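Here is how the chains run, residue by residue.
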Amino acid sequence: MNAEKRPWWRRVSWINACLRFLGVLKNPESTSSAPEPNPIPEQGLQGKMLGKSSKRSKRIAIVSPKGGVGKTTVTANLSEALAGRGRRVCAVDLDAQNALQFHLSADAVSPEGLASATLRSEPWSEVVRQGVDGLRFLPYGFLSEHHRERFEHAVVDGTSWLAEGLATVDQKQTDYTLFDTPPGPSAFQRAAVEMADLVIVVVLPDAASFITVPTVERGIETYAGEAAQRYAGLYFLLNRMNEGRVLCRDVRAMLGERLGDRLVPEAIRFDAAAEEALAAQQTVMAYEPDGKAATDFDALAAWVEKTLK
């Protein structure tokens, strides 16, 4: 490949040096590859969870190194795509921004959610909502700052709180559980990753995203711990891919070189319908089912089924 045709990040020597130092590029000689919910009592933060099931769904943690990459959009549309393929889906919002229900709610937005239910020692089954195409979802819920701090500091510790909450939801009626986690490292992300069978990191086709890849890998692998020996793997998904831009194509090529088969083959192409769908409080799958993004999410759902079979 001559110098003129090489990607920009290959042509600038200091960028190459920095990326090799960060582990993004391999050395040539290397061969390794809202309203306030009902009042919450001050006692009984976790309570006794009921209804544990011997059969559980396959669990997918959707994570991102930073905000603004479309993580919640991916969670919502992958959930609907799986439901559209006949799978029984439950999407769980672990992000205090509580945005998932704006994508999935078939009814008016509710202030209640898993956080307030946990603080009141109520089962999560009490706040399960019905979404589009028959899928179910658990909103995080709207909390005051005081109640949010109580939930995060007194309840969220390890995976027990998440396992206990999910145990109250009928797992026999669920094929896939998807976790929408807060951007960046957090106790919520850790709990979801520790319980996951598959972890999908959503990134954009830009320079900032591929520079964070080594850090994200180390963080997720640390969170997974022993679970990393059994789960299907850690994969990276390109969102808002624009084939018409040289930078996007270059970043995709770089990620392919760096990640190999851990780069999800089904990138989600940029589609204005995604923004329009959210404004209409719908998923892309429902808003424009024959559009580019909807087609890509269906392909992503097929890949998930194949990966977790």
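Residues numbered from 1 in each chain as written. Predicted model: local features only at pLDDT ≥ 70, side-chain atom pairs only at ≥ 80, totals over all residues. Heavy atoms only, no water.

A. Spotlight on the nonpolar core. If you look at the biggest cluster of nonpolar residues, it comprises 49 residues, and the most contacted ones within it are Phe 151, Trp 161 and Leu 255. If sequence neighbours within four positions are ignored, Leu 255 has contacts with Val 203, Phe 210, Val 213, Leu 238, Gly 260 and Leu 263. By size, the runner-up hydrophobic cluster in this structure holds 36 residues, among which are Ile 60, Leu 78, Leu 198 and Ala 294. (Core = buried A, V, L, I, M, F, W, Y, C linked by side-chain atoms within 4.5 Å. Buried < 20%, exposed > 50% of the residue type's maximum accessible area, 1.4 Å probe, protein only. Contact = heavy atoms within 4.5 Å.)

B. Focus on the sheet that holds strand E4 (residues 136-138). Pairing within the open sheet is mixed, and its eight strands lie in the order E3-E4-E2-E5-E1-E6-E7-E8. Edge positions in the open sheet fall to strand E3 (129-130) and strand E8 (268-269), since each of these has one partner strand only. Pairing analysis gives five bridges linking strand E2 (residues 89-93) to strand E5 (residues 176-180), with the strands arranged parallel. Counted as the bridge partner of Cys 90 is Thr 177 from E5. Sheet contacts for helix H8 (residues 187-195): strand E1 (58-63), E5 and strand E6 (198-203); angle to E1, the most-contacted strand, approximately 145°. Lying over the sheet, helix H11 (residues 246-259) contacts E6 and strand E7 (234-241), oriented at roughly 175° with respect to E7. (Pairing = 2+ DSSP bridges. Helix = DSSP H or I, 4+ residues; strand = E, 2+ residues; numbered from the N terminus. Axes fitted to C-alpha atoms, helices over the stretch in contact; angles between N-to-C directions.)

C. Geometry of the pairing of E7. Burial analysis of E7 places seven of its eight residues in the buried class, the great majority of the element. Here E6 runs beside E7; their pairing, made up of five bridges, is parallel. When the bridges of E7 are listed, Val 202 appears paired with Leu 237. In this structure, E7 lies alongside E8, joined through two bridges in parallel fashion.

D. Region of interest: the confidence of the model for the protein chain. On average, residues of the protein chain carry a pLDDT of 83, and 80% of them reach 70 or more. Between residues 11-15, whose pLDDT stays under 50, and residues either more than four places distant or in other chains, the model counts six contacts. Scored below 50 in pLDDT, residues 42-54 shows 32 contacts in the model against residues more than four places distant or in partner chains. (pLDDT = per-residue confidence, 0-100.)

E. Expanded view of the side chain of Thr 72. Topologically, Thr 72 is positioned in helix H3 (residues 71-84). Among the polar contacts made by the side chain of Thr 72, one reaches the side chain of Asp 180 at a distance of 2.8 Å. (Polar contact = N/O pair within 3.5 Å; in protein donor to acceptor, adjacent residues only side chain to side chain.)

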